[in-house]
Amino acid sequence: MRSTEARNAHDTGVSDSGRWSTRRIAIYALFVALAIVTSFIEVPLMPAMPWLKYDPSGIIVLIAGFAFGPSAASIVGVLGFAPHLLMDPWGALLAILVALGLGLPSAFIYRSHRSRKAAALGLVVGALVALAVAILGNLIITPIYAKMSVQAVAALIVPALLPFNLIKFAIDGIATYVIYKPVSNLLHR
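Figured I'd write up the structure that's included with this text.

All right, on to the layout of surface pockets then. Put simply, the largest pocket is a space of about 800 Å³. Secondary structure elements with two or more residues in the lining of the largest pocket: α3 (57–68), α6 (89–112), α7 (116–145) and α9 (157–187). Estimates place the volume of the second largest pocket at around 160 Å³. A per-class count over the lining of the second largest pocket returns eleven nonpolar, two polar and no charged.

Here we come to the nonpolar core. Formed by 45 residues in total, the largest nonpolar core has its most connected members in F31, L52, F68, V76 and F169. At the level of secondary structure, the elements contributing two or more residues to this core comprise α2 (22–39), α3, α4 (70–79), α6, α7 and α9. If one sorts the elements of this core by residue count, α3 sits on top with nine residues. If sequence neighbours within four positions are ignored, V76 has contacts with Y28, F31, V32, A35, I60, V61 and A64.

Using the criterion set out here, one finds five aromatic pairs in the structure. When the ring of F66 is compared with that of Y110, the centres are 4.5 Å apart and the planes differ by 25°; the resulting orientation is stacked. Pair noted here: F66 is in helix α3 and Y110 is in helix α6, with a separation of 44 residues, a long-range link. An aromatic cluster is built from Y28, F31 and F68, whose rings are joined through pairwise contacts.

A separate point is α4. For α4, every residue scored as buried is listed here: P70, A72, A73, V76 and G77. Along the axis of α4, the buried residues cluster in a sector spanning 155°; they form a single face. Elements that come into contact with the buried residues of α4 comprise α2, α3 and α6.

A few words on the packing of α6 against α7. Between α6 and α7, the least distance of the axes is 7 Å, while the angle of their chain directions is 160°. As the angle between them shows, α6 and α7 are arranged roughly antiparallel. Crossing angle aside, the handedness with which α6 passes α7 is right-handed. Considering only residue class, the contact of α6 with α7 consists of 22 nonpolar, seven polar and no charged.

Definitions and limits used
- Residues numbered from 1 in each chain as written.
- Predicted model: local features only at pLDDT ≥ 70, side-chain atom pairs only at ≥ 80, totals over all residues.
- Heavy atoms only, no water.
- 1 Å grid on protein atoms, 1.4 Å probe; cavity = no way out; pocket = protein on both sides within 12 Å on 5 of 7 lines; lining within 4 Å.
- Points joined across faces, edges and corners; volume = space filled by probe spheres on them.
- Helix = DSSP H or I, 4+ residues; strand = E, 2+ residues; numbered from the N terminus.
- Nonpolar A, V, L, I, M, F, W, Y, C, P; charged D, E, K, R; others polar.
- Core = buried A, V, L, I, M, F, W, Y, C linked by side-chain atoms within 4.5 Å.
- Buried < 20%, exposed > 50% of the residue type's maximum accessible area, 1.4 Å probe, protein only.
- Contact = heavy atoms within 4.5 Å.
- Phe/Tyr/Trp six-rings, centres within 6.5 Å; stacked < 30°, edge-to-face > 60°.
- Arc of directions from axis to C-beta.
- Axes fitted to C-alpha atoms, helices over the stretch in contact; angles between N-to-C directions.
- Parallel < 35°, antiparallel > 145°, perpendicular 65-115°, else oblique.
- Left-handed = near helix turned anticlockwise from the far one by under 90°.

In short, the description is geometric, and any link to function would need to be established separately.
In structure tokens:
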């Protein structure tokens with residue numbers, strides 16, 4: 001059996017049940033790494049609009065938020081897109097805002113009552129908030145970097161942006177709902 005001194009050699013000053021234990025930092029880092037990797041997996045969902053690409057990083061943000069709360073959703077949502085800031089700052093900004101819109105409401109609702117019903121409600125509310133953020137963000141940010149008028153972007157809402165984002169958030173929500181419990185059991189061993 002290890003002594004208390006040896007056991008606490010890597011503590012950050014907060015016990016494992018606290019927010020910033022070594023274990024918690026390591027798990028957050030793993031979530032951030034997974035979010036970064038999955039943010040580079042881009043799959044076009046709508047053949048008529050190949051520039052709209054789905055990436056599964058939202059699933060990672062949601063699982064982190066369900067497992068560890070809104071702070072984890074925020075950290076993973078922001079840092080998961082950090083590398084994209086160097087290549088496409090405006091697109092990365094929009095992706096971060098959408099990730100926060102999806103992850104934070106979901107995590108807050110699930111944290112208040114940890115049940116399947118609360119998880120489903122959180123996923124629906126998060127998807128609706130993220131959808132509003134995506135549409136507004138596209139109206140504000142896309143004209144800046146894509147050299148399109150606001151009217152041209154607005155004309156894409158119904159035929160492209162709305163269906164794309166609904167499909168994206170449905171995939172994220174369903175995948176999270178299905179895989180969260182097995183992942184949670186592994187995380188909390």
